[in-house]
Amino acid sequence: MLDQIATLGRSTLDRLASAGRSGQMLWQSLVAAPTPVVMFPLLLKQIYFIGVLSLVIIIVSGLFIGMVLGLQGYTILVDYGSEQAVGQMVALTLVRELAPVVTALLFAGRAGSALTAEIGLMKATEQLSSLEMIGVDPLRRIVAPRLWAGFISMPILAVIFAMVGIFGGALISIEWLGIFEGSFWANMQNSVDFSGDVLNGVIKAFVFGVVVTWIAVFQGYDCVPTSEGISQATTRTVVYSSLAVLGLDFVLTALMFGDI
Amino acid sequence: MSMHNSSESIIDIQGLSFSRGTRKIFRNVNMEIPRGKITAIMGPSGTGKTTLLKLIGGQLRPDTGQIKIDGEDVHRLSRQQLFSLRERMGMLFQSGALFTDMSVYDNVAFPIKVHTDLPDDMIRDIVLLKLQAVGLRGARDLMPSELSGGMARRVALARAISLDPAIVMYDEPFTGQDPIAKGVLVKLIRMINKALGHTSIIVSHDIQETLSIADHIFLLSDGHVIASGTPAQLLKDDTEQVKQFMQGLPDGPVPFHFSDDDLLQDLYTQESPNA
Amino acid sequence: MRMRWIEIMVGFFMVLGILAILGLALNVSGLKLSAKQGDYTVYARFENIGGLTSRAKVTLSGVQIGEVKSIQIDKNRLVALVAMDIHGDVDYLSVDSSAKILTAGLLGEQYIGVSVGFEEASLKEGEYIRDTQSAMVLEDLIGKFLFNKVSN
Ligand SMILES: Nc1ncnc2c1ncn2[C@@H]1O[C@H](COP(=O)(O)OP(=O)(O)OP(=O)(O)O)[C@@H](O)[C@H]1O
Ligand SMILES: [Mg+2]
């Protein structure tokens, strides 16, 4: 009995300590004296690896999810004779919810796990130590550009996802199901509000980007530097960031859209 | 720079204790590493030689005691100060630790690029000279994954000395080198030390090579400095432990095995597998 | 070199992002960059607004001509004061127009329907629609119905 309580206490303390370390990492890499001139090429390279290379999966998933939404929305709405509203349904679902959330989940799997594995392997092969001994702070050189790249890439990916998804929905509704093009777009434009829906969606995407990148980079930086440790850290990145995204999505939705 | 400090020793270690988990790696160790000399640190595998270098570089924090470099307490420095102190140090990691996303050339050029504003052609000259010194000028365009273990270590050595740091720490520079390369590296280390007057710290198991270049040797075992002195003094030392280590005898007071449990006892202890 | 390729691709990525957000703004949410400036505001007082909210539609013969900007209480008369943004190109609402609060379908959202009167002069910024008809509140209606039954 006492043993179990002690185990619980120890694991709580471990969690708290690692939360503290992750906060410290974020602070030291982002806030303490940045060096923008050196940073820029590194940042560009990371945006390439994190953002550009995630484009294909984002575009393909966005297109299919939009098409499925169009199809499903139509079959439900047609019973009520309001299939004209399918555009509005597709757009609102994508912009408010699916684009930020699904992009964040895909981002965690595609870019987050790669970040963790890369940084973990750098740690295991003493590349981080050797940077330190050369007198270069790995938090600035390795961690900071990756964090910024994630923060920047994620909202862009989500916006692209939403647009491609709406395009997919339009394709299905207009070309295949034969909904009148004018009413498809007009209905959508009447119900989607730029600041209320689009901007809130972008804010969500940014928050998810911060959380996922932070978790991914920290798990790599803090991992046990062995092959087993790296594989566990990579798994943790995907699990923790997916849970964090879904949980945060609920909170943000309640804050943003709860009173409408 | 404050490197022209008049005192004899450049690194001063006082009352150092350090433990990993419950294992005590160092117990109250005192060492003074002389300025401008080649100091060797020797001892059985697993005594903490690499750990000592990391403590000196400020990557690990001692439990008690202090390490002063040029009068500055390494573990009292701010992060910023620590990084600027490290610009004056070079370290060859036991594993080499080359940056895998850069070519050999870029690896060696890296410290110069981040710490100086030298023009590109000047950096090129320096890098080629360093690579020439370790015999790998022809490998400059290879990636680290394309190097053999011995080559990778020599590239890492070239990188460690690319900025001509005032203190160079070599963690087992001779391991995995053929006899010719060993001879070249011995000469190289000696030359860096004599020509530039820089302090070198070598961790090595190669008694022949180490004796031939070291000015001073510390022998570590079991968390203590068990002997120190010039190579000649250590060779003459007739305490059992020192003799055993210097002559490479398998039996003696220096334990070869990691833990001292009796083998027979270990073998005959009946332990249920899931205990 | 490789760095050049990275620069180009990142630039391309950024452009794609900007195009997407522009698409969301203009095509999806129907944000008009300049039209807002031509809008003008007119007011109307209602006894009871029912479930009307801000951003509800304002229509003329069922065609949207603006939206509800804000709803407040007129402290002097203790009735609801509704401000409506009317599109600038709708400059033919006569001063004797009337406004009704209507419901889309039986239980749908509520909106304002405007009908034009006969006067020559048209409504200007800040003027009032005097002739208004409140929202139909289901409870009142049922109450009235029962009352009539009983009194009969
Ligand atoms: N990260 C670590 N976590 C826990 N214990 C460690 C860690 N690194 C080293 N140790 C322990 O510290 C002791 C000293 O290790 P160190 O690497 O300093 O030995 P060494 O003297 O350099 O040995 P070698 O000559 O084989 O390189 C070892 O016994 C090892 O078990
Ligand atoms: Mg070692």
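What counts as what
- Residues numbered from 1 in each chain as written.
- Chains lettered and ligands numbered in written order.
- Predicted model: local features only at pLDDT ≥ 70, side-chain atom pairs only at ≥ 80, totals over all residues.
- Heavy atoms only, no water.
- Contact = heavy atoms within 4.5 Å.
- Buried area = accessible area lost by both parts, 1.4 Å probe.
- Salt bridge = Lys/Arg side-chain N within 4 Å of Asp/Glu carboxyl O.
- Polar contact = N/O pair within 3.5 Å; in protein donor to acceptor, adjacent residues only side chain to side chain.
- Helix = DSSP H or I, 4+ residues; strand = E, 2+ residues; numbered from the N terminus.
- Donors = N, O, S within 2.8 Å, 3.2 Å for Na, K, Ca; no water.
- Buried < 20%, exposed > 50% of the residue type's maximum accessible area, 1.4 Å probe, protein only.
- UniProt positions renumbered as here; feature names shortened; annotations may be inferred.
- Near = heavy atom within 4 Å.
- Areas by Shrake-Rupley, 256 points an atom, 1.4 Å probe, with all protein chains shown as cover.
- Nonpolar A, V, L, I, M, F, W, Y, C, P; charged D, E, K, R; others polar.
- Patch = residues over 30% accessible without salt bridge, like charges linked within 9 Å, V, L, I, M, F, W, Y side chains within 5 Å.
- Pairing = 2+ DSSP bridges.
- Axes fitted to C-alpha atoms, helices over the stretch in contact; angles between N-to-C directions.
- 1 Å grid on protein atoms, 1.4 Å probe; cavity = no way out; pocket = protein on both sides within 12 Å on 5 of 7 lines; lining within 4 Å.
- Points joined across faces, edges and corners; volume = space filled by probe spheres on them.
- Phe/Tyr/Trp six-rings, centres within 6.5 Å; stacked < 30°, edge-to-face > 60°.
- Lys NZ or Arg CZ within 6 Å of the ring centre and 35° of its normal.

J.: Would you mind going over the interface of chain A and chain C with me for this structure?
T.: In many reports, interface size means the accessible area that the parts give up when they come together. In this complex, chain A contributes 30 residues to the contact, which on the side of chain C involves 24 residues. Across the chain A to chain C interface the summed buried area is about 2300 Å²; carbon plus sulfur atoms make up 81%. Remark: the boundary between chain A and chain C carries zero salt bridges. Inspection of the chain A/chain C interface yields two residue pairs in polar contact (both at pLDDT 80 or more). Elements with a contribution of two residues or more to the side of chain A that touches chain C: helix 2 (36-50), helix 4 (86-124), helix 6 (138-176), helix 7 (181-191) and helix 8 (194-221) of chain A.

J.: What is the right way to look at the coordination of the magnesium ion (ligand 2) in this model?
T.: Octahedral metals with six donors have ideal donor angles of 90 or 180 degrees. Tetrahedral metals with four donors have an ideal donor angle of 109.5 degrees. Residues and elements named next belong to chain B. Bound to the magnesium ion (ligand 2) are the protein donor atoms Thr50 (OG1) and Gln94 (OE1), situated 1.9 to 2.3 Å from the metal. You can see threonine 50 sitting in helix 1 (residues 49-56) and its partner glutamine 94 sitting in the loop between strand 6 (89-92) and helix 3 (104-115), a full 44 residues away along the chain. For threonine 50, a relative accessible area of 23% gives the class partly exposed.

J.: Would you mind going over the side chain of threonine 199 of chain B with me for this structure?
T.: All names here are of chain B. Structurally, threonine 199 is set in strand 8 (residues 199-203). Of the residues examined, threonine 199 reaches a relative accessible area of 2% and is grouped as buried. Within the structure, threonine 199 has its side chain in polar contact with the backbone nitrogen of glycine 36 (distance 2.9 Å). If near-sequence neighbours (up to four positions away) are discounted, threonine 199 is found in contact with Ile10, Ile33, Pro34, Arg35, Gly36, Lys37, Ala166, Ile167, Val168 and Asn193.

J.: What is the right way to read the UniProt feature "domain: ABC transporter" (unreviewed entry) in chain B from this model?
T.: Under the feature "domain: ABC transporter" (unreviewed entry), the UniProt entry names residues 11-247 of chain B. Across residues 11-247 of chain B one finds 39% helix and 26% strand; the C-alpha atoms that close the span lie 29 Å apart.

J.: Mind showing me how you'd approach the site of ligand 1 here?
T.: Residue and element names in this part refer to chain B. Taken together, 14 residues sit near ligand 1, with Arg23, Ser45, Lys49, Thr50 and Thr51 positioned nearest. Side-chain polar atom of histidine 205 to an oxygen atom of ligand 1: 2.9 Å apart, as the coordinates give it. Burial of ligand 1 by the protein amounts to 64% of the accessible area it has alone, namely 630 Å². Where the shell around ligand 1 is concerned, the elements lending two or more residues are strand 2 (23-34) and helix 1. The element best represented in the shell around ligand 1 is helix 1, accounting for three residues. Taken together, the residues of the shell around ligand 1 break down into two nonpolar, eight polar and four charged.

J.: Is there a simple way to think about a nonpolar patch on the surface in this case?
T.: There is a patch of nonpolar side chains on the surface, built from Met136, Leu138, Leu141, Ile142, Phe145 and Leu146 of chain C and spanning about 620 Å² of accessible area. With respect to the helices, strands and loops of the structure, leucine 138 of chain C is situated in helix 2 (residues 138-151).

J.: What is the right way to look at the sheet that holds strand 3 (residues 38-42) of chain B in this model?
T.: Note on sheets: strands pair through backbone hydrogen bonds, and any given pair is parallel or antiparallel. Residue and element names in this part refer to chain B. In space, the six strands of this open sheet follow the order 6-7-8-3-9-10, with mixed pairing throughout. Edge positions in the sheet fall to strand 6 and strand 10 (224-229), since each of these pairs with one other strand and no more. Going from strand to strand, the sheet's axes swing by 15 degrees on average, the running direction of each strand aside. Bridge analysis of strand 3 against strand 9 (residues 216-221) gives four bridges, and the strand direction is parallel. What sits directly across from alanine 40, in strand 9, is isoleucine 217.

J.: Any chance you could explain empty space enclosed by the protein here in plain terms?
T.: One pass over the structure, following the stated rule, counts two cavities of 30 Å³ or more. Put simply, the largest cavity is a space of about 130 Å³. Where the lining of the largest cavity is concerned, the elements lending two or more residues are helix 5 (127-134) of chain A together with strand 6, helix 3 and helix 5 (149-160) of chain B. A class-by-class count of the residues in the lining of the largest cavity yields nine nonpolar, four polar and two charged. Space inside the second largest cavity adds up to approximately 60 Å³. Examining the composition of the lining of the second largest cavity, we find that four residues originate from one element, helix 8 of chain A, more than from any other. Here the residues of the lining of the second largest cavity are counted per class, giving 10 nonpolar, one polar and no charged.

J.: I keep staring at the arrangement of the chains and nothing clicks. Help me out?
T.: For the two pairs of chains in contact, the largest share of contacts goes to chains A and C. Separated without contact, chain B and chain C have their nearest C-alpha atoms at a distance of 13 Å.

J.: Would you mind showing me how to read the packing of aromatic side chains here?
T.: Within a pair of aromatic rings, the relevant descriptors are the distance that separates the centres and the angle that separates the planes. Counted by the stated rule, this structure contains six aromatic pairs over all chains. Judged by centre distance (5.7 Å) and plane angle (75 degrees), the ring pair of tryptophan 148 of chain A and phenylalanine 151 of chain A falls under edge-to-face. Placement of the pair is tryptophan 148 of chain A and phenylalanine 151 of chain A together in helix 6, with a separation of three residues, close to one helical turn. In this structure tryptophan 148 of chain A comes out as partly exposed when scored by relative accessible area, which is 35%. Classification of phenylalanine 151 of chain A by relative accessible area gives buried; the value is 7%. The structure contains a cluster of three or more aromatic residues connected by ring pairs, namely Trp148, Phe151 and Phe206 of chain A. The cationic tip of arginine 86 of chain B hangs over the ring face of phenylalanine 83 of chain B; the distance from NZ or CZ to the ring centre is 5.0 Å.

J.: What is the right way to look at the interface of chain B and chain A in this model?
T.: Each partner contributes residues to the interface: chain B has 23 residues there, and chain A has 18 residues. Summing both partners gives a buried area of about 1800 Å² for chain B against chain A, and 54% of it is carried by carbon and sulfur. Our count for the chain B to chain A interface comes out at two salt bridges. The shortest N-O distance in the salt bridge between aspartate 137 of chain A and arginine 79 of chain B comes to 2.8 Å. Along the contact surface separating chain B from chain A lie nine residue pairs in polar contact (both at pLDDT 80 or more). For the side of chain B that touches chain A, the secondary-structure elements that each account for two or more residues are helix 2 (79-86), strand 6 and helix 3 of chain B. Taken together, the residues that form the side of chain B that touches chain A break down as 11 nonpolar, six polar and six charged.

J.: I would appreciate a short explanation of the pairing of strand 1 (residues 40-46) of chain C in the present structure.
T.: Residues and elements named next belong to chain C. In terms of burial, strand 1 is largely enclosed, as six of its seven residues are buried. Alignment of strand 1 against strand 4 (residues 79-86), held across seven bridges, turns out to be antiparallel. Paired with tyrosine 40 across the two strands is isoleucine 86, which belongs to strand 4. In terms of strand pairing, strand 1 meets strand 7 (residues 128-129) through two bridges, oriented parallel. Across the sheet, tyrosine 43 pairs through a bridge with tyrosine 128, a residue of strand 7.

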